[in-house]
Amino acid sequence: MAGYSRALQELISALNKLPGIGPKTAQRLAFYILKSSKEDAVGLSDSIVRARERLKYCSVCGSITEKDPCDYCQSPGRDKSVICVVELPQDIFVIEKTRGFKGVYHVLMGALSPLDGVGPDDLKIKQLLERIKKGGVKEIIVATNPNVEGEATAMYLSRLIHPLNIKVTRLAHGIPMGGDLEYADEVTLAMALEGRTEI
Amino acid sequence: MRFHKVSAIVLRHYDFGEADKVVVLYSRNQGKLRAVARGARRMKSKYGSSMEPFSYNEMMLYKKEGAELYKITGCSTVNSYSYLRKDLDSFITASYIVELIDKITEDNEPHPEMFFMLNEVFSQMPDCDRDVIKWAFVVKLLSASGYKLCLDKCACCGITARRARDIVKFSSFQGGVICPRCESRDLNSVSVPWRYIDYLEDFESKAFTEIDTAGISQSHRKGLESIIGSYLSSHLSGELKTEKFIKQWEVLIS
Ligand SMILES: [Zn+2]
Ligand SMILES: [Zn+2]
């Protein structure tokens, strides 16, 4: 970045820290921001500061919220006896979009990964157990990702929670909608067969 | 641009860019390789589960002149070893094994024997004792990497080991048993029953399913864990991430 002014270098390196943004993209974004109107640039920086100041993690479920506890945890319209366990706060938005779930959430902040050294203590698993022990919970839906880490987390939670006499369910695995059977890999297909439902 | 057809096992992967993964592979003929799987993180990825750890695939890779990473252009799964991901204990043991291979090997150093060992241990895991799988794999792996244990003679002076007494000194630093005269050459050596040395010999030479595990008592297990652990750490820098995981795990299930 030789030859760039200090302010520009700082902007580029700040953008470069964002996930998935390499040095080239960071440069492109920086030049784009400089070219945009002053209001747009100030608006962007203000919204970053505002979001950072106002938003926090819900102390009950770990979702991102402006008030604590969050709307999901406080709303009388939501069924507190069903907890949907997700890896990250952003997974909640995806499930909410389905409009099919009326329970509450619990964010683990990751998934078990022996290869990355992420163990049970590094996730919000104790907090989940504490919620369960307070009573009133009938079902835990494990909605972790359908990959190795997500599966391991699901197996682990089921081993931990089963003895407490609470139903533990897992999102069904299957062929993606709009997909072609011939392109499905054998593991996905085997899972879809195992989890078949009567019609 | 050069194309390569490789038989390889996925050791692990990490996120790369927006939707890609870098997959760390252990291949039969080229040793450890790193390759980009474009779009592998998308739900509808054409790779499906073939880029998940432990999968054994036939792959087409290519690499531009001077590039650091290969690119995956084709992949068909030979054995997904999916049972290793469906049972927590198998998953943890298999993770330990791939981390070991990853730590002990360098990129682009061919070692077909290690590739066969990986396939062997993955196929035999469902029928074996998990502790024994771990120990036998460590012993076989270190032996294949040039750190073969010296068990029939003194690791220092080479004198034939005599079984006059029930116990013998084992030195992980010297890499095997040591005779009474050489004891002073490793003050951290430990006295172990000869039985342990027989186990170590079995671990090195027998197939995983052939090892007789019935007679390994709980106290033998503790002893073997300790000597094999120190033998491993004398050839490995830093703690394995899976070890840290296993410790947390054992606290919770006990
Ligand atoms: Zn909440
Ligand atoms: Zn000697």
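This text follows the structure it describes.
### Here we look at the pairing of strand E4 (residues 103–107) of chain A
Side chains on a regular strand alternate between the two faces of the sheet.
Residue and element names in this part refer to chain A.
Then comes step 1: Of all the five residues making up E4, five are buried; the element is thus mostly covered by neighbouring parts of the structure.
Then comes step 2: When strand E3 (residues 79–86) meets E4, the two strands line up parallel, connected through five bridges. When the sheet's bridge partners are listed, Cys-84 is paired in E4 with Tyr-105.

### Structural notes on the coordination of the zinc ion (ligand 2)
Residues and elements named next belong to chain B.
Then comes step 1: On the protein side, the zinc ion (ligand 2) has Cys-154 (SG), Cys-157 (SG), Cys-179 (SG) and Cys-182 (SG) as donor atoms, found 2.3 Å from it.
Then comes step 2: The motif formed by the donor residues of the zinc ion (ligand 2), counted along the single chain, is C-x2-C-x21-C-x2-C. One end of the pair, Cys-154, is in the loop between helix H3 (130–144) and strand E6 (167–171); the other, Cys-182, is in the loop between strand E7 (176–178) and strand E8 (190–193), with 28 residues separating them in the sequence.
Then comes step 3: Classification of Cys-154 by relative accessible area gives buried; the value is 2%.
Then comes step 4: Overall, Cys-182 belongs to the buried group, its relative accessible area being 6%.

### Quick notes on helix H2 (residues 23–35) of chain A
All names here are of chain A.
Then comes step 1: Taking 1.5 Å per residue, 13 residues should reach 18 Å; H2 reaches 18 Å between its end C-alpha atoms and fits that length.
Then comes step 2: Where H2 is concerned, the buried positions are Ala-26, Ala-30 and Ile-33. For H2, the arc enclosing every buried residue in end-on projection is 65°, short of the 170-degree limit, so these residues lie on one face. Away from its buried face by more than 90 degrees, H2 exposes Lys-24, Arg-28, Tyr-32 and Lys-35.
Then comes step 3: Along its buried surface, H2 packs onto helix H1 (6–16) and helix H3 (38–54).

### Regarding the sheet that holds strand E5 (residues 139–142) of chain A
Residue and element names in this part refer to chain A.
Then comes step 1: Read from one edge of the open sheet, four strands run E4-E3-E5-E6, paired in parallel fashion. Edge positions in the sheet fall to E4 and strand E6 (167–170), since each of these pairs with one other strand and no more. The sheet shows a mean angle of 25° between the axes of neighbouring strands, direction not considered.
Then comes step 2: With respect to the sheet, helix H6 (residues 125–133) is in contact with E3, E4 and E5, its orientation differing from that of E4 by roughly 150°.

### A short note on the environment of Gln-174 of chain B
Residues and elements named next belong to chain B.
Then comes step 1: Inspection of the secondary structure puts Gln-174 in the loop between E6 and E7.
Then comes step 2: Note: C-alpha distance between Gln-174 and Trp-194 (20 residues apart in sequence) is 17 Å.
Then comes step 3: The contact partners of Gln-174, leaving out residues within four places of it in the chain, are Ala-155, Cys-156, Arg-185 and Asp-186.

### Quick look at the coordination of the zinc ion (ligand 1)
Residues and elements named next belong to chain A.
Then comes step 1: Only Cys-58 (SG), Cys-61 (SG), Cys-70 (SG) and Cys-73 (SG) from the protein coordinate the zinc ion (ligand 1), and they sit 2.3 Å from it.
Then comes step 2: The site at the zinc ion (ligand 1) holds four donor atoms, and with the angles between them running 103 to 116°, its shape is tetrahedral.
Then comes step 3: For the zinc ion (ligand 1), the donor residues sit on a single chain with the sequence spacing C-x2-C-x8-C-x2-C.

### A look at the interface of chain A and chain B
Then comes step 1: Counting residues at the interface gives 29 residues for chain A and 30 residues for chain B.
Then comes step 2: Summing the contributions of chain A and of chain B, the shared interface buries around 2600 Å²; its carbon and sulfur component is 66%.
Then comes step 3: Contact with chain B buries area across many residues of chain A, yet Pro-114, Leu-115 and Val-148 of chain A alone supply 28% of it, more than any other trio.
Then comes step 4: Our count for the contact surface shared by chain A and chain B stands at three salt bridges.
Then comes step 5: For Glu-194 of chain A, the salt bridge identified is with Lys-86 of chain B, shortest N-O distance 3.7 Å.
Then comes step 6: Taken together, the connections running from chain A to chain B amount to four residue pairs in polar contact (both at pLDDT 80 or more).
Then comes step 7: Elements with a contribution of two residues or more to the side of chain A that touches chain B: helix H7 (148–161) and helix H8 (186–194) of chain A.
Then comes step 8: Looking at the side of chain A that touches chain B element by element, the count peaks at eight residues for H7 of chain A.
Then comes step 9: Broken down by class, the residue content of the side of chain A that touches chain B amounts to 15 nonpolar, five polar and nine charged.

### Some words on the environment of Leu-129 of chain A
Residue and element names in this part refer to chain A.
Then comes step 1: Mapped onto the fold, Leu-129 is located in helix H6.
Then comes step 2: Among the residues examined, Leu-129 registers a relative accessible area of 15% and is labelled buried.
Then comes step 3: When the C-alpha atoms of Leu-129 and Ala-172 are compared, they prove to be 23 Å apart, with 43 residues separating the residues in sequence.

### A word on H3 of chain B
All names here are of chain B.
Then comes step 1: For H3, spanning 15 residues, the distance from its first C-alpha to its last is 21 Å, which sits close to the expected 21 Å at 1.5 Å a residue.
Then comes step 2: Residues of H3 that are buried include every one of Val-132, Ile-133, Lys-134, Trp-135, Ala-136, Phe-137, Val-138, Val-139, Lys-140, Leu-141, Leu-142 and Ala-144, and no others.
Then comes step 3: At the N-terminal boundary of H3, the capping side chain belongs to Asp-129, with an oxygen 3.0 Å from the backbone nitrogen of Asp-131.
Then comes step 4: Taken from the residues just after H3, Gly-146 is the one with a positive phi, measuring 95°.

### Some words on unusual backbone geometry
Then comes step 1: In this structure, the amide linkage connecting Asp-68 of chain A to the following residue, Pro-69 of chain A, adopts the cis form with an omega of -5°.
Then comes step 2: Considering the arrangement of structural elements, one finds Pro-69 of chain A in the loop between strand E2 (64–65) and helix H4 (71–74).
Then comes step 3: Although it is not a glycine, Met-109 of chain A adopts a positive phi angle of roughly 65°.
Then comes step 4: Tracing the sequence through the fold places Met-109 of chain A in the loop between E4 and H6.
Then comes step 5: Look at Met-109 of chain A and you get partly exposed, because its relative accessible area is 34%.
Then comes step 6: One non-glycine residue, Phe-54 of chain B, adopts positive backbone phi at about 80°.
Then comes step 7: Look at Phe-54 of chain B and you get buried, because its relative accessible area is 0%.

About the criteria used
Residues numbered from 1 in each chain as written. Chains lettered and ligands numbered in written order. Predicted model: local features only at pLDDT ≥ 70, side-chain atom pairs only at ≥ 80, totals over all residues. Heavy atoms only, no water. Buried < 20%, exposed > 50% of the residue type's maximum accessible area, 1.4 Å probe, protein only. Helix = DSSP H or I, 4+ residues; strand = E, 2+ residues; numbered from the N terminus. Pairing = 2+ DSSP bridges. Donors = N, O, S within 2.8 Å, 3.2 Å for Na, K, Ca; no water. Expected span 1.5 Å × (residues − 1). Arc of directions from axis to C-beta. Contact = heavy atoms within 4.5 Å. Axes fitted to C-alpha atoms, helices over the stretch in contact; angles between N-to-C directions. Tetrahedral: all angles 85-135°; square planar, octahedral: opposite > 155°, others 65-115°. Buried area = accessible area lost by both parts, 1.4 Å probe. Salt bridge = Lys/Arg side-chain N within 4 Å of Asp/Glu carboxyl O. Polar contact = N/O pair within 3.5 Å; in protein donor to acceptor, adjacent residues only side chain to side chain. Nonpolar A, V, L, I, M, F, W, Y, C, P; charged D, E, K, R; others polar.

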